[in-house]
Number of protein chains: 2
Amino acid sequence: MNQNYILSNEWSIIEEGFDKSRVKSSESLFSIGNGAMGQRANFEEDYTGDTFQGSYIAGVYYPDKTRVGWWKNGYPEYFAKVLNAPNWIGIHVKINDEVLDLASCKEVKNFRRELNMKEGWLLRTFEAVLQNGVEISVSAKRLLSLDIDEVGAIEYSIIPLSESVAIEFSPYLDAGITNEDSNWDDKFWEILDVTSTNNQAYIHSHTMKTEFHVCTFMESQLFLENEKINIPTTEFVSKTKALHTYKIEVSKDQKATLYKFAGYTVDRNHKKEELLLAAKSVLVKVLTLGFEELLKLQKKAWRKIWDMADITIEGDVQAQQGIRFNIFQLNQTYLGTDARLNIGPKGFTGEKYGGSTYWDTEAYCLPFYMATKDQNVAKSLLEYRYNHLEKAIENAEKLGFSNGAALYPMVTMNGEECHNEWEITFQEIHRNAAIAFAIFNYYRYTGDYSYIPEKGLEVLIGIARFWYQRATYSTDKNKYVILGVTGPNEYENNINNNWYTNYSAQWCINYTMENIKKIKNDFSVDYNRIMAKVSLTDNEISKWKRIADNMYFPYSQEHKVFLQQDGFLDKEQITVSELDKSQRPINQKWSWDRILRSPYIKQADVLQGFYFFEEDFTQRELEQHFDFYEPFTVHESSLSPCVHSIQAAKLNRMEQAYEFYLRTSRLDLDDYNKEVEEGLHITSMAGTWMSIVEGFGGMRVKNNTLSFAPKIPKEWQAFSFKVNFRNQILKVNISHDKTIFELGNGEELKLIVNEQEIMVTPNNLTAV
Amino acid sequence: MNQNYILSNEWSIIEEGFDKSRVKSSESLFSIGNGAMGQRANFEEDYTGDTFQGSYIAGVYYPDKTRVGWWKNGYPEYFAKVLNAPNWIGIHVKINDEVLDLASCKEVKNFRRELNMKEGWLLRTFEAVLQNGVEISVSAKRLLSLDIDEVGAIEYSIIPLSESVAIEFSPYLDAGITNEDSNWDDKFWEILDVTSTNNQAYIHSHTMKTEFHVCTFMESQLFLENEKINIPTTEFVSKTKALHTYKIEVSKDQKATLYKFAGYTVDRNHKKEELLLAAKSVLVKVLTLGFEELLKLQKKAWRKIWDMADITIEGDVQAQQGIRFNIFQLNQTYLGTDARLNIGPKGFTGEKYGGSTYWDTEAYCLPFYMATKDQNVAKSLLEYRYNHLEKAIENAEKLGFSNGAALYPMVTMNGEECHNEWEITFQEIHRNAAIAFAIFNYYRYTGDYSYIPEKGLEVLIGIARFWYQRATYSTDKNKYVILGVTGPNEYENNINNNWYTNYSAQWCINYTMENIKKIKNDFSVDYNRIMAKVSLTDNEISKWKRIADNMYFPYSQEHKVFLQQDGFLDKEQITVSELDKSQRPINQKWSWDRILRSPYIKQADVLQGFYFFEEDFTQRELEQHFDFYEPFTVHESSLSPCVHSIQAAKLNRMEQAYEFYLRTSRLDLDDYNKEVEEGLHITSMAGTWMSIVEGFGGMRVKNNTLSFAPKIPKEWQAFSFKVNFRNQILKVNISHDKTIFELGNGEELKLIVNEQEIMVTPNNLTAV
């Protein structure tokens, strides 16, 4: 770990003391969001120190020109950028005409931040001695409402400690913002209108090219102690900014509070000519409620989320804080209420990685949302890809595929590919399999088959066609091979016969054929509709089958393992533990060619296959492969330790499993990868959840039945989690001597615990 | 071929008729240069049509910021750009106050350009009817002096054909120029001073970052018929431009001529505070000589070059024109007078590829310069790399190598790498072998061993150390393998055991060891100096030897060929002739992944090895490999057909050899690759020379003896060439029934012709 200034606390993220060098890290760690928008924990008042300003609106992006050395055919024309949106949190503060700025204060005392995850608010308190000698106490509380997801609220209070002072609050909206990440200094936003009337201000702007229209709005109220003060406001507007100024004389020890209500209305939810009207109506609603009422609603909304999603860990506060931080951030990022949205790798906490959707969604996030939300949320995630099917077909066509073959993009906002390293964009094609696997996984977990005849089968057919066309017949091997790919381990590029890719390609074809047969038999109306649409013949299917039946899998007789790729054994077989620590992380220390010819694995690759297709292999095989590959794995992807944690738990290697768990759950809190300043690793947070539920809990679904193989790290006294399995809420509490199941609703539920069948009934504790 | 508007002519490149769509192509084809500077054939007068302006100064470049998707460790910080330099050819022309501009004339008649290769000048003549109805005849002749290589001269004549007119000539210098190729809209030039006095103008500017200082200068003279006219000149200077205006009344059918002398003095040759002085002194010299005298000197200088370098072909004007165009352009680009310069792939004809030096120099250009110039020229090319050895060691260190291992850059201006595609920069390491091979080749051809103890051995040791460190021991194969490379065939990336790379790595180590031994025995002073410098021990050498002795070479028993790389036989074995023509060229039609997994070969790869190391293989083996690889070769590199032509000739496949010859010699004239607008393929032009001398002439050096195996395409009556072999000038004339040798100097020369030894003596024709 690289930082550990976050105080241990079961429910809150807390920082004490002001340290300029930590400001950017804390801006990431204390980020807040409500699924529709989110923001880094930037200060409301001016701050001239080093900062990374960020406020983001779900689904609003910019197609920036791509940046490449040499253009290659098939590259996308743009790279989607997560866009910094107009700033609505800003409040210029002046005390006796001096600007409050923590970077230039004489002294900052008792600085403290708390991100209260239980209730969903951010509080910052401090005392400051200004250059003019005035000492004040400040408290700034902020939330993004889960109930009214277009608005946020700030309670900004100042108490003069040294003398009576004149305080000037100037809440503002500022659309003159920039991106940290910008290739060509393009303008991202065009401002159409800045207006201010009756204490309210609005900025109507739209993104360039993508034409997303956004109305940023605000209204503020001034209180002295608990009394609302109606003083005349100075309203000011410029081309990019609207600002209201409230001046008030405040006696020593009196409290002046500015309440600011602000946010965005966007044309995804409203007609663009009605954005201002919608904003007005939001302001009416929240002004009527007031800050305290909004906070109460917020607590209630989070209580509801936690009630289902919480994981408790007894006896290990760091582990407890870690898992809650992960669950909290996932829920801040995506709540599953809009099938047009998805889960960006950095959520609303930074700009890095652009785009919103990676295979992370299907491979890592889906299980979390399936188990902790209504099953419609998971279905929304599947539908997102169904809605992009045509674009995936176009994407494959750009690369020379035909006949409806679909290649889903590596990174996307709207279904189009927007990443352009050839070794990733063109070659990391295993992402296609994750999308098919998610369909299987959804059905396996929810038991809801309806999605497949309705929509999923078309996706599966496009994917099967892709694999069929992508395979090559090798006369030399008398088998079908898949050449020139990048597997999940991105530390190998343009390799041949990546076992994970070949195996999952075969699986995709077989699973598609199985579903075609089933739908032909059981859903003839859907079958006829789909076949008419995709023009699929038995002859084509038999060609797929030939490839699936004759797929080549590289295997080492000597090591008794499938090989990551054809050339893996030519590499120097030096394990990570034999590698000098000064060489780590290799992605920061080594040139790319050195990484590529090394045996080091960035994230689970063959083992990812053993995770997805666990049932196809014996425990002995898992052990052989884990023992072979784990020693070469450097876990330099945030997505890596969770899979290894689950498998270590399965192999009863609890110390290793626990170590991997800590690494995944506190990746950002302890800044393992030295990059938390850039934002949080949102998608890998779902992997943390998996390492508890699937790893320690050993939860699986087999034959429509939930099974468990509970294990507990020696550091813990007990841990518990809840899952929604087919609309039945099951709570599982695992301690060293027993596991207690509690069914919250429904009739009864058959479980398999350590291969023994048990029945649990509602509101009874069943101990095993 | 895509264009064939160039008229067939043995000594000139001629275009007739004005076609706006051909302007950019002709600007490339009619380029002129003198080794120190060069320029595209842009018009002197204004032209508002589509044009690509380019004037280039040898060794003057700009380190542009690199443009990449994702940064990788070891990438260079910049990409060197060939820089468009201030324009000195410009002459604004007004006829009765109307600007002469071929894009807007009412009519352009009898437009003709001639690039006279024999004498080294460019002539453009045309008649134009202006919008104002005036008809004029224009003749513009231009040369870049070989004798005074800082200057060029223009003779620009106008004859009014329809009536008497007022003509205004405004010759100018313009430093407000831009590059076509610019990543970040950076400013490349800073202008320090623009001055104009006494009919002379100077612009002192320097490049940003690299700080190359250049003085661009001009002086003009006006003549009416043959009489110099001394009329007052208007002198004008702005921040970027200096302009002199000469106005004259010219009667119908009288000729007004402006002579403009202009050029660059650069701080590679002068102190930067003396650039203006140097320019003045050049102007004195050329004004004293005058245009006609300068032209005479030019003819004489080119006569001297042609006397040695010319190749005659009887009975095939197209082939004759092709080879002379190639020889002419090579000499325009590089004359070998300055070891700090090298041969850029586009010479002075365009911006593409940036940088000046690729492995092209060693692999393709060296033989031409060795045979047609004094051997010091070839030695200069070797010294260029010796002077960059330290940078090559630093370059290897950036990639994690140590102990003096040297990796020469793929593209360079000053010894530093300036290309950044990882698959090229980090992986196309075979370039290192070409640099070692050139040392061997130089000694083989010139017999001058002195370079190796003096400088070459240090280069060889750096290269051997690189290969030693770059190889990996494969326990699986019990051999040393070289993983993760790109071979000469850039249509495969990150492959393992590229036969060409492995073979030449082995060769480099063996050749280095052989020379260490020889220098230890015969040059003990040098030996001790070098060993002290590089700290080489016998133990280290024995480790190199272990690798060279145990290098792995992929081989197919079935096909009896070495395999291009480990995975070659897994590729679909569909030959180029079976490929639909609509798919060609694949680099324009296919996405990169499709190219990578195809069997198609961009340029000779295994066959490049059979070219370099010809003596290691039998004719039968050559045939097997040629028959295996030729059918997969798409020749989408300009460097490809020449090697195949030489090998086809060796295999007595004269039709194929002739076809490859035409393709290489008229690549640009007939615009085979649809890109001549961007500039000419200078370095591959040396390959054309090789296809005649080494291909049809069958010239080799074995055991210090020149040997020939003459062959002649049926389309030709005879062809001849001269070579300088160890300071003896031998002329070879090959016809269908005999070959005639003529030795120009020296004592006598032993030759081997078709494996028979003969003796030739000076000034006697020896027919075989």
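Look above for the structure.
Rules used throughout
- Residues numbered from 1 in each chain as written.
- Chains lettered and ligands numbered in written order.
- Predicted model: local features only at pLDDT ≥ 70, side-chain atom pairs only at ≥ 80, totals over all residues.
- Heavy atoms only, no water.
- Helix = DSSP H or I, 4+ residues; strand = E, 2+ residues; numbered from the N terminus.
- Buried < 20%, exposed > 50% of the residue type's maximum accessible area, 1.4 Å probe, protein only.
- Contact = heavy atoms within 4.5 Å.
- Areas by Shrake-Rupley, 256 points an atom, 1.4 Å probe, with all protein chains shown as cover.
- Expected span 1.5 Å × (residues − 1).
- Arc of directions from axis to C-beta.
- Least-squares fit on C-alpha atoms with pLDDT ≥ 70 in both.
- Phe/Tyr/Trp six-rings, centres within 6.5 Å; stacked < 30°, edge-to-face > 60°.
- Lys NZ or Arg CZ within 6 Å of the ring centre and 35° of its normal.
- Salt bridge = Lys/Arg side-chain N within 4 Å of Asp/Glu carboxyl O.
- Polar contact = N/O pair within 3.5 Å; in protein donor to acceptor, adjacent residues only side chain to side chain.
- Pairing = 2+ DSSP bridges.
- Axes fitted to C-alpha atoms, helices over the stretch in contact; angles between N-to-C directions.
- Parallel < 35°, antiparallel > 145°, perpendicular 65-115°, else oblique.
- Left-handed = near helix turned anticlockwise from the far one by under 90°.
- Nonpolar A, V, L, I, M, F, W, Y, C, P; charged D, E, K, R; others polar.
- Core = buried A, V, L, I, M, F, W, Y, C linked by side-chain atoms within 4.5 Å.

So, on to the overall build of chain A. The helix and strand tally for chain A stands at 19 helices and 33 strands. Each of the three principal axes of chain A carries a C-alpha extent, and together these read 85 × 60 × 55 Å. Evaluated residue by residue, chain A yields a buried proportion of 65% over its 768 residues. Counted over contacts in chain A with a minimum sequence separation of 6, partners at least 24 positions apart contribute 69%. Surface summary for chain A: the accessible area is close to 26800 Å², and the carbon and sulfur share equals 45%.

Residue and element names in this part refer to chain A. Look at helix 12 (residues 538-549): 16 Å from first C-alpha to last across twelve residues, which is about the 16 Å you get at 1.5 Å a residue. Residues of helix 12 that are buried include every one of Glu540, Ile541, Trp544, Ile547 and Ala548, and no others. Down the axis of helix 12, the smallest arc covering the buried residues is 115°, so these residues share one side. Turning to helix 12, the residues buried within the fold contact helix 9 (451-470), strand 23 (479-481) and helix 10 (499-522).

Note on the copies: chain A fits chain B at an RMSD of 0.1 Å, the axial shift is 0.1 Å, and the rotation between them is 180°. Such values leave the two copies arranged in the relation of a two-fold axis. Mapped onto chain B, 100% of the interface residues of chain A again fall at the interface, so both copies present the same surface.

Moving on, we come to the packing of aromatic side chains. Considering all chains together, one arrives at 126 aromatic pairs over all chains under this definition. When the centroid spacing of 6.5 Å and the interplanar angle of 45° are considered together, the rings of phenylalanine 18 of chain A and phenylalanine 43 of chain A count as tilted. Of this pair, phenylalanine 18 of chain A sits in the loop between strand 1 (12-16) and helix 1 (23-29) while phenylalanine 43 of chain A sits in the loop between strand 3 (37-39) and strand 4 (55-57), and the two are 25 residues apart along the sequence. Taking the relative accessible area as the measure of exposure, phenylalanine 18 of chain A reaches 23% and is therefore partly exposed. Under the relative-accessibility criterion, phenylalanine 43 of chain A is labelled buried at 7%. Between tyrosine 503 of chain A and phenylalanine 553 of chain A the ring centres are 5.7 Å apart and the planes differ by 55°, which places this aromatic pair in the tilted class. Note that tyrosine 503 of chain A is positioned in helix 10 and phenylalanine 553 of chain A in the loop between helix 12 and strand 24 (555-556), a separation of 50 residues in sequence. The ring of tyrosine 5 of chain A has arginine 22 of chain A lying over it, and the distance from NZ or CZ to the ring centre is 4.2 Å. Against the face of tyrosine 449 of chain B rests lysine 518 of chain B, its NZ or CZ located 4.0 Å from the ring centre.

Time to look at the pattern of salt bridges. All names here are of chain A. Summed over all chains, the structure comprises 89 salt bridges over all chains. Between lysine 722 and aspartate 307 there is a salt bridge whose closest N-O contact spans 3.2 Å. With lysine 722 in strand 28 (residues 718-725) and aspartate 307 in helix 2 (residues 275-309), the pair connects residues that are 415 residues apart, well separated along the chain. On the basis of relative accessibility, which here comes to 18%, the residue lysine 722 falls in the buried class. Connected through salt bridges with shared partners, the residues Glu44, Glu45, Arg124 and Arg142 form a single ionic network.

The next subject is the interface of chain A and chain B. Contacts between chain A and chain B engage 50 residues on the former and 50 residues on the latter. With a shortest N-O distance of 2.6 Å, lysine 477 of chain A and aspartate 570 of chain B are connected by a salt bridge. Where chain A touches chain B, the interface holds 16 residue pairs in polar contact (both at pLDDT 80 or more). Of all elements in the fold, only helix 7 (422-425), strand 22 (472-474), helix 13 (586-589) and helix 14 (592-597) of chain A reach the threshold of two or more residues within the side of chain A that touches chain B.

What follows covers the sheet that holds strand 3 of chain A. Residue and element names in this part refer to chain A. Spatial strand order, 2-3-4: three strands in an open sheet with antiparallel pairing. Only two strands of the sheet have a single neighbouring strand rather than two, namely strand 2 (32-33) and strand 4. Relative to strand 3, strand 2 is paired through two bridges, and the arrangement is antiparallel. Pairing of isoleucine 32 across the sheet is with glutamine 39, part of strand 3.

On to the pairing of strand 12 (residues 151-160) of chain A. Residues and elements named next belong to chain A. Within strand 12, nine of the ten residues are buried, leaving the element largely enclosed by the surrounding structure. Note: strand 11 (residues 135-144) against strand 12, nine bridges, orientation antiparallel. Within strand 12, the position partnered with serine 137 by the bridge is isoleucine 159. Linking two consecutive strands that pair antiparallel, namely strand 11 and strand 12, is a turn of six residues.

Residue and element names in this part refer to chain A. Pairing is mixed across the open sheet formed by four strands, whose spatial order is 26-27-31-32. Each of the sheet's edge strands pairs with one partner strand only, and the pair in question is strand 26 (700-702) and strand 32 (756-760). On average, each strand axis in the sheet is inclined to that of its neighbour by 35°, with strand direction left out of account. Of the pairings in the sheet, the one linking strand 26 to strand 27 (residues 705-708) comprises three bridges and is antiparallel in character.

So, on to unusual backbone geometry. Residue proline 585 of chain A is reached from arginine 584 of chain A by a cis peptide bond, and omega for that bond is -10°. Tracing the backbone through its elements, the reader meets proline 585 of chain A in the loop between strand 25 (561-562) and helix 13. In this model, asparagine 704 of chain A sits at a positive phi of 65°, which is unusual for a non-glycine residue. For asparagine 704 of chain A, the location among the structural elements is in the loop between strand 26 and strand 27. If you check the backbone angles, asparagine 763 of chain B has positive phi at about 60° while not being a glycine. By the secondary structure assignment, asparagine 763 of chain B is in the loop between strand 32 (756-760) and strand 33 (765-767).

This part is about the environment of isoleucine 177 of chain B. If you trace the backbone, isoleucine 177 of chain B turns up in the loop between strand 13 (165-174) and strand 14 (189-197). In contact with isoleucine 177 of chain B, other than residues within four places in its own chain, are Asn84, Ala85, Pro86, Asn87 and Trp189 of chain B.

In this section: the pairing of strand 5 (residues 61-65) of chain A. Residues and elements named next belong to chain A. The element strand 5 is extensively covered by neighbouring structure, given that four of its five residues are classed as buried. As defined by bridge partners, strand 5 adjoins strand 6 (residues 78-82) across five bridges and the pair is classed as antiparallel. Among the inter-strand pairings, proline 63 is bridged to a residue of strand 6, identified as alanine 80.

So, on to the environment of asparagine 87 of chain A. Residues and elements named next belong to chain A. Structurally, asparagine 87 is set in the loop between strand 6 and strand 7 (91-95). A residue is classified by how much of its surface remains accessible, and asparagine 87, at 14% relative accessible area, is buried. The spacing of asparagine 87 and tyrosine 334 is 247 residues in sequence and 21 Å in space, taken between C-alpha atoms. Look past the residues within four positions of asparagine 87 in its chain and what remains in contact with it is Gln53, Tyr172, Leu173, Asp174 and Ile177. Polar contacts involving the side chain of asparagine 87 include one to the main-chain amide nitrogen of isoleucine 89, which spans 2.8 Å.

This part takes up the packing of helix 8 (residues 431-446) of chain A against helix 10 of chain A. Residues and elements named next belong to chain A. Close contact between helix 8 and helix 10 brings their axes to 10 Å; oriented N to C, the two are set at 45°. As the angle between them shows, helix 8 and helix 10 are arranged oblique. The hand of the helix 8/helix 10 crossing is left-handed. Along its contact with helix 8, which presents Ala433, Ala436, Phe437, Ile439, Phe440 and Tyr443, the element helix 10 presents Ser504, Trp507, Cys508, Tyr511 and Lys518. Looking at the contact of helix 8 with helix 10, its residues break down into nine nonpolar, one polar and one charged.

Take the nonpolar core next. Counting 484 residues, the largest nonpolar core has Phe169 and Leu730 of chain A together with Phe169 and Leu730 of chain B as the members making the most contacts within it. The contact partners of leucine 730 of chain A, leaving out residues within four places of it in the chain, are Leu706, Phe708, Phe721, Lys722, Val723, Phe741, Glu742, Leu743, Leu749, Leu751 and Val760 of chain A.

Before going further, it helps to spend a moment on the side chain of serine 356 of chain A. Residue and element names in this part refer to chain A. Structurally, serine 356 can be placed in the loop between helix 3 (317-333) and helix 4 (360-372). Owing to a relative accessible area of 13%, serine 356 belongs among the buried residues under this scheme. At 2.7 Å, the side chain of serine 356 and the side chain of threonine 357 are in polar contact.

All names here are of chain A. Relative to the elements of secondary structure, glutamate 623 occurs in helix 16 (residues 619-629). Owing to a relative accessible area of 27%, glutamate 623 belongs among the partly exposed residues under this scheme. Taking the C-alpha atoms as reference, glutamate 623 lies 9.4 Å from lysine 650; in sequence the two are 27 residues apart. Those residues within four positions of glutamate 623 in sequence are excluded, and the remaining contacts are Leu651 and Arg653.

Everything listed here is a matter of coordinates, which is why it stays silent on function.
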